[in-house]
Amino acid sequence: MKTVLVTGGAGFIGSNFINHILSERDDWFIVNLDKLTYAGNLENLKGIEENKNYAFVKGDIINGELIDFLFTKYSFNYVINFAAESHVDRSILGSEVFFQSNVIGTNVLLEAARRFEVERFLQISTDEVYGSLGAEGLFTETTPIAPNSPYSSSKAAADLMALSFHHTYGLPVLVTRCSNNYGSYQFPEKLIPLMIINALNDKKLPIYGDGLNVRDWIYVIDHNRAVEKVLENGRIGEVYNIGAEQEMTNIQIVKLILKHLGKSEDLIEFVKDRLGHDRRYAIDAAKIKTELNWKPEFVFEEAIERTIDWYLQNKEWWERIISGEYAKYYAEQYLTR
Ligand code: NAD
Ligand code: TDX
């Protein structure tokens with residue numbers, strides 16, 4: 001039995017991870033530490049509280065006292081740090097909380113992991129740390145780090161700090177850099193859920209700039225299976241890219257969503273571009289495929305339909321979000337441009 005600290009487990013990827021692990025295995029005891037920011041939602045984990053291999057703690061990863069208390073209480077074998085402020089647009093509106101949570105928070109966890117001698121520490125990083133690509137080429141693990149937004153620079157700082165703890169102290173660190181995820185429980189500020197929900201509500205779909213920016217999409221379950229593999233079998237001190245070779249322009253994605261929902265393309269509205277908008281991300285995932293025998297199981301066309309259907313069937317989940325505290329930000333950011 002391993003005790004595993006999962007931070008940020010009430011968010012999109014973390015909650016999918018916990019639901020996935022606890023439905024497939026009973027050799028992990030998971031402590032989910034989450035601050036429950038606007039993006040954290042315990043509804044994503046409905047029913048899990050009953051599981052004997054699960055405990056939830058509401059708290060901030062920058063709270064060193066709490067972190068020490070939890071490491072003492074649970075003697076964690078593994079740490080997986082999903083917790084982060086994750087939205088690029090918000091980092092452009094205000095960067096401070098990104099540095100608090102993403103950089104200082106990661107540092108607090110690394111310091112505790114070092115003192116309490118955990119067996120493995122997995123830092124969930126992102127492909128955005130590599131910056132932006134032109135029309136050709138892919139990010140490999142040796143591509144120089146060159147983040148462009150306050151979000152991605154905070155993630156790059158955390159990523160490099162984690163690797164430095166391996167180099168300096170021998171902390172058993174692993175880092176994953178994944179491409180854009182989609183799937184159930186994604187907060188409706190991100191492209192895919194935002195467009196689905198706006199289309200369902202016959203609201204305009206705001207596409208930044210010319211809509212030709214490219215992202216490389218992966219279904220959240222494929223990402224999480226890769227996380228599980230890297231944590232257990234990855235080589236200590238190594239970085240693993242994760243991606244599903246599924247590049248799409250934003251306009252392609254939006255048109256596909258409209259088609260699936262039977263809505264008119266007249267809903268599309270081109271709006272002012274995101275400041276410093278990265279043009280293209282694309283991941284070379286050869287290393288994880290050859291070393292760890294991982295490959296994506298889902299093809300985009302099916303998994304996006306599954307995702308759209310999930311939002312159709314879980315209207316209450318997102319209606320509570322867009323009518324609650326988040327409503328003001330949502331209205332200002334996405335409905336009035
Ligand atoms: P999310 O915003 O949906 O969830 C983040 C979670 O972290 C929330 O539950 C929030 O409450 C929690 N959190 C934030 N600050 C915290 C703090 N200081 N202490 C404790 N909990 C805190 O994000 P997501 O999309 O699920 O992303 C999860 C991780 O994966 C992030 O580290 C992100 O950088 C990384 N990532 C995301 C993607 C993507 O496409 N979404 C791709 C690659 C990497
Ligand atoms: O309203 C929109 N209109 C639009 O054109 C929104 C919200 C986005 N976009 C564009 C911007 C990007 O080119 O769609 C693309 C995807 O945008 P986001 O969903 O905000 O994702 P991105 O900026 O690519 O970052 C995501 O992937 C990497 C996650 O939010 C990060 O957490 C992750 O690290």
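Only a predicted model underlies this, so the values are computations on that prediction, with no experimental measurement involved.

Caption draft 1: Quick look at the sheet that holds strand 4 (residues 78–81). Read across the open sheet, the 7 strands follow the order 3-2-1-4-5-6-10; overall the sheet is parallel. Only two strands of the sheet have a single neighbouring strand rather than two, namely strand 3 (54–58) and strand 10 (239–242). For this sheet the average axis-to-axis angle between neighbouring strands, irrespective of direction, equals 20 degrees. Alignment of strand 6 (residues 173–178) against strand 10, held across 4 bridges, turns out to be parallel. Paired with Cys178 across the two strands is Ile242, which belongs to strand 10. This element, helix 1 (residues 12–24), spans strand 1 (2–7), strand 2 (28–34), strand 3 and strand 4 of the sheet and lies at about 165 degrees to strand 2. This element, helix 2 (residues 64–74), spans strand 1, strand 2, strand 3 and strand 4 of the sheet and lies at about 170 degrees to strand 2.

Caption draft 2: Broad picture of the nonpolar core. Residues Trp28, Ile30, Phe71, Ile80 and Ile288 are the most contacted members of the largest nonpolar core, which totals 72 residues. Look past the residues within four positions of Ile288 in its chain and what remains in contact with it is Ala226, Val230, Tyr240, Asn241, Ile242, Asn293 and Trp294. With 35 residues, the next largest nonpolar core counts Met248, Val254, Ile257 and Ile321 among its residues.

Caption draft 3: Structural view of the pairing of strand 6. In terms of burial, strand 6 is a largely internal element, 6 of the 6 residues being buried. Burial along strand 6 is two-sided: Val173, Val175 and Arg177 and Leu174, Thr176 and Cys178, pointing in opposite directions, are all buried. Direction of pairing for strand 5 (residues 120–126) relative to strand 6: parallel, over a ladder of 6 bridges. Across the sheet, residue Phe121 finds its bridge partner in strand 6, namely Val173. Following the chain from strand 5 across helix 5 (residues 150–169) to the adjacent parallel strand 6, one finds a crossover that is right-handed.

Caption draft 4: Here's a closer look at helix 2. Looking at helix 2, one finds that the buried residues are Leu66, Ile67, Leu70, Phe71 and Tyr74. Within helix 2, the buried residues cover an arc of 130 degrees as seen down the axis, which keeps them to one side. In helix 2, the exposed residues that point more than 90 degrees away from the buried face are Glu65, Thr72 and Lys73. Among the structural elements, strand 1, strand 2, strand 3, strand 4 and helix 4 (96–115) are those in contact with the buried residues of helix 2. Phi turns positive one or two residues past the end of helix 2, at Ser75, with a value near 45 degrees.

Caption draft 5: How the structure looks around the packing of helix 4 against helix 5. The contact between helix 4 and helix 5 brings their axes to 8 Å, and the two run at 15 degrees. Our classification of the angle between helix 4 and helix 5 gives roughly parallel. For helix 4 against helix 5, the interelement crossing comes out right-handed. Each of Phe98, Phe99, Asn102, Val103, Thr106, Asn107, Leu110, Glu111 and Arg114 in helix 4 lies in contact with helix 5, whose residues at this interface are Pro150, Tyr151, Ser153, Ser154, Lys155, Ala157, Ala158, Met161, Ala162, Phe165 and Tyr169. Split by residue class, the contact of helix 4 with helix 5 holds 12 nonpolar, 5 polar and 3 charged.

Caption draft 6: Quick look at the site of ligand 1. As a matter of local geometry, ligand 1 sits amid 28 residues, with Ile13, Asp34, Ser86, Tyr151 and Lys155 nearest to it. A distance of 2.8 Å separates an oxygen atom of ligand 1 from a polar atom in the backbone of Ile13. Protein contacts shield 97% of the accessible area of ligand 1, which totals 840 Å² for the unbound molecule. For the shell around ligand 1, the secondary-structure elements that each account for two or more residues are helix 1, strand 5, helix 5 and strand 7 (180–182). For the shell around ligand 1, the leading source of residues is strand 5, giving 3 residues.

Cut-offs applied
Residues numbered from 1 in each chain as written. Chains lettered and ligands numbered in written order. Predicted model: local features only at pLDDT ≥ 70, side-chain atom pairs only at ≥ 80, totals over all residues. Heavy atoms only, no water. Pairing = 2+ DSSP bridges. Helix = DSSP H or I, 4+ residues; strand = E, 2+ residues; numbered from the N terminus. Axes fitted to C-alpha atoms, helices over the stretch in contact; angles between N-to-C directions. Contact = heavy atoms within 4.5 Å. Core = buried A, V, L, I, M, F, W, Y, C linked by side-chain atoms within 4.5 Å. Buried < 20%, exposed > 50% of the residue type's maximum accessible area, 1.4 Å probe, protein only. Right-handed = clockwise from strand over helix to strand, strands pointing away. Arc of directions from axis to C-beta. Parallel < 35°, antiparallel > 145°, perpendicular 65-115°, else oblique. Left-handed = near helix turned anticlockwise from the far one by under 90°. Nonpolar A, V, L, I, M, F, W, Y, C, P; charged D, E, K, R; others polar. Near = heavy atom within 4 Å. Polar contact = N/O pair within 3.5 Å; in protein donor to acceptor, adjacent residues only side chain to side chain. Areas by Shrake-Rupley, 256 points an atom, 1.4 Å probe, with all protein chains shown as cover.

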